[in-house]
Amino acid sequence: MKYIIPVIVVLLLSASVSFAESKIDGKSLNNANVQQSMNMALGKGATSNTASTKMKNSEVGKGGMVSNKAVIQKSMNMALGEGATANTGAVTMDGSKVQGKALNNANVKQSMNMALGKGATANTGSITMKDSEVGKGGMVSNKAVIQKSMNMALGKGATANMGSVTMDGSKVQGKVLNNANVKQSMNMALGKGATANTGSVTMKKSEVGKGGVVSNKAVIQKSMNMALGKGATANMGSVTMDGSKVQGKVLNNANVKQSMNMALGKGATANTGSITMKDSEVGKGGMVLNKAVIQKSMNMALGKGATSNMGSVTMDGSKVQGKVLNSANVKQSMNMTLGKGATANTGSVTIKNSEVGKGGIVSNKAVIQKSMNMALGQGATANMGSVTMDGSKVQGKVLNNANVKQSMSMALGKGATANTGSVTMKNSEVSTGGMVLNKAVIQKSMNMALGQGATANVGSVTMDGSKVQGKVINNANVKQSMNMALGKGATANVGAITLKDADVSKGALILNKAVIDKSMNMSLGENSEANMGSVTLE
């Protein structure tokens, strides 16, 4: 037996290709079929590659092609040690340029890929790009079919990618395409700042130029994605952008069924069928589009300041001159976040310290049925089919169109807030020519906020310390539903507009149109307030 293992290792290493300071104008093809095998690397900075292609400081010229095709069954790939990296059916690019095509096609069944150690990285059926460029006409394509498999990274700052594309310091003028089909599989990252990506695209300090396209298509069934540790992030069928610029298109199309996405730890974030933007820009003519169909699934974030997003778009410190569009269809699913200052978003758009420029559009369309959205903890916030703005400016349009049926949104804790089919604005501005429009159809649903100073909004618009020079319009149709706020200073709003410390300039318009039928609005507690089909100014 002692003679067999080294032979297997040699065979597996030969099933991978690596380039360093190379130029490819022709074709480099790697076609690997690996079955019932094991590949392992041990030691500081260990790297283990199975049926993979690795490019460093290399170039694929116009007309050139790098292709990696991998069929992997009942096999294991492992790297152990500080900075360990394990690649199974993957393509990695570092400081490289593609003007032609870089293609990865991976079929992984009943296999395991694992990296253990500080900063460990485990990639299964994925493409990773660092300080790289996809030129005009170039294409990077990842196609992954992953079944009954496990991908795991353990250690501080660990990263686990399954059927995903990750970009760091890279530029795309051509196309980056990710097409992932993940079934009955598990992806896990454990450690402080750990990140787990399944059927996702992550962009950091990257740029999608004019005419460029980054597209993520993910079908995820009966699978689990988990990140555990302080500041952990778990992405399932999602796109995340940090310090990036889009002048072209970023597209996310996610179909998630009977699956679970979880992030545990202080400041943990869990994203399912969502797009998150931080310190990023969507230029004129640019588009960020999220389409999510989520059924019988669960998204959860646990920890102080935890955030869970399901079929949502979140923007922080970002600028939009083009279009940011969210289209979410959520059925029989649950989104939950637990912890002080926790936030749970289902079929919603959240904008913080951001700007929607002249001609820009932020649009949220959400169909939510038989689902539950919950945030528990002091200052917790639960948003369902809603738009929230904090410290933001709108010169273009912010549109919310929500259809909520037989669903429940709940926030529990001191200062808790629960929003269903609503728009909330804090320290924000709607400039001349700008518009904030809320259209909500809410049927047989319940929205509840419990705790001191709790606020519950159904089909409403709330503004605090904000300025309006353009139009704020609320159009709500509420039927056979219940809205409740319980606690000292609690507030409950149904089909209402409330303004506090707000400035409505000459020529501005605030319009509330509300149809409320067989519904109940209740606020219980000292100095509690209940508003139904009303406009309140304070």
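Asks: Please explain the pairing of strand 23 (residues 175-183) as it appears in this structure.
Replies: Working note: regular strand, side chains alternate between the two faces of the sheet. Going residue by residue along strand 23, you find Val176, Asn178, Ala180 and Val182 tucked away on one face and Lys175, Leu177, Asn179, Asn181 and Lys183 left uncovered on the opposite face. Across 9 bridges, the pairing between strand 18 (residues 139-147) and strand 23 is parallel. Residue Val145 lies in a different strand from strand 23, and its bridge partner there is Asn181. Relative to strand 28 (residues 213-221), strand 23 runs parallel, the two sharing 9 bridges.

Asks: For this particular structure, what's the right way to read a positive patch on the surface?
Replies: A cluster of basic residues, Lys118, Lys156, Lys192, Lys230, Lys266, Lys304 and Lys340, forms a positive patch at the surface. Residue position: Lys230 is located in the loop between strand 29 (224-228) and strand 30 (233-236). Of the residues examined, Lys230 reaches a relative accessible area of 46% and is grouped as partly exposed.

Asks: What is the right way to read the nonpolar core from this model?
Replies: Inside soluble globular proteins, nonpolar side chains tend to come together where they are buried. Val176, Val250 and Val324 are the most contacted members of the largest nonpolar core, which has 51 residues in total. Once residues lying within four places of it in the same chain are set aside, the contact partners of Val324 are Met277, Val282, Val288, Val313, Met315, Ile361, Val362 and Ser363. By size, the runner-up hydrophobic cluster in this structure holds 33 residues, among which are Ile146, Ala254, Ala366 and Val494.

Asks: I keep staring at the confidence of the model for the chain and nothing clicks. Help me out?
Replies: Should pLDDT be low for a region, the predicted coordinates there are not to be read in detail. The pLDDT averaged across the chain works out to 88; a share of 97% of its residues lies at or above 70. In this model, residues 1-14 is a region of pLDDT below 50 whose contacts with residues beyond four sequence positions or in other chains number 12 contacts.

Each value, and the rule that gives it
The numbering scheme is per chain: residues are counted from 1 as the chain's sequence reads. Whole-chain, interface and lining totals are the exception, using all residues; otherwise, since this is a predicted model, local features are given only for residues with pLDDT of at least 70 and side-chain atom pairs are given and counted only at 80 or more. Working from all heavy atoms in the structure, the side-chain values ignore hydrogens and water. Whether a residue is buried, partly exposed or exposed follows from its accessible area with a 1.4 Å probe, protein chains only, as a fraction of its type maximum: under 20%, in between, or over 50%, in that order. Counting from the N terminus, the helices are the DSSP runs of H or I reaching at least four residues and the strands are the DSSP runs of E reaching at least two. The rule for pairing is simple: two strands pair if DSSP sees at least two bridges between them. The residues that make up patches have over 30% relative accessible area and no salt bridge, and they are joined within 9 Å when like-charged or within 5 Å when they are Val, Leu, Ile, Met, Phe, Trp or Tyr. Every accessible area reported is derived by Shrake-Rupley at a probe size of 1.4 Å, with residue values counting cover from the shown protein chains alone. Salt bridge, as used here, is a side-chain nitrogen of Lys or Arg placed within 4 Å of a carboxyl oxygen of Asp or Glu. Note on charges: Lys and Arg go in the positive column, Asp and Glu in the negative column, and His and the chain ends are not counted at all. For the purpose of locating charges, the reference atoms are NZ of Lys, CZ of Arg, CG of Asp and CD of Glu. Among the buried residues, those of types Ala, Val, Leu, Ile, Met, Phe, Trp, Tyr and Cys that are joined through side-chain atoms within 4.5 Å form a nonpolar core. By the convention used here, residues are in contact when the closest approach between their heavy atoms is within 4.5 Å. The quantity known as pLDDT measures the predictor's confidence residue by residue, on a range of 0 to 100.

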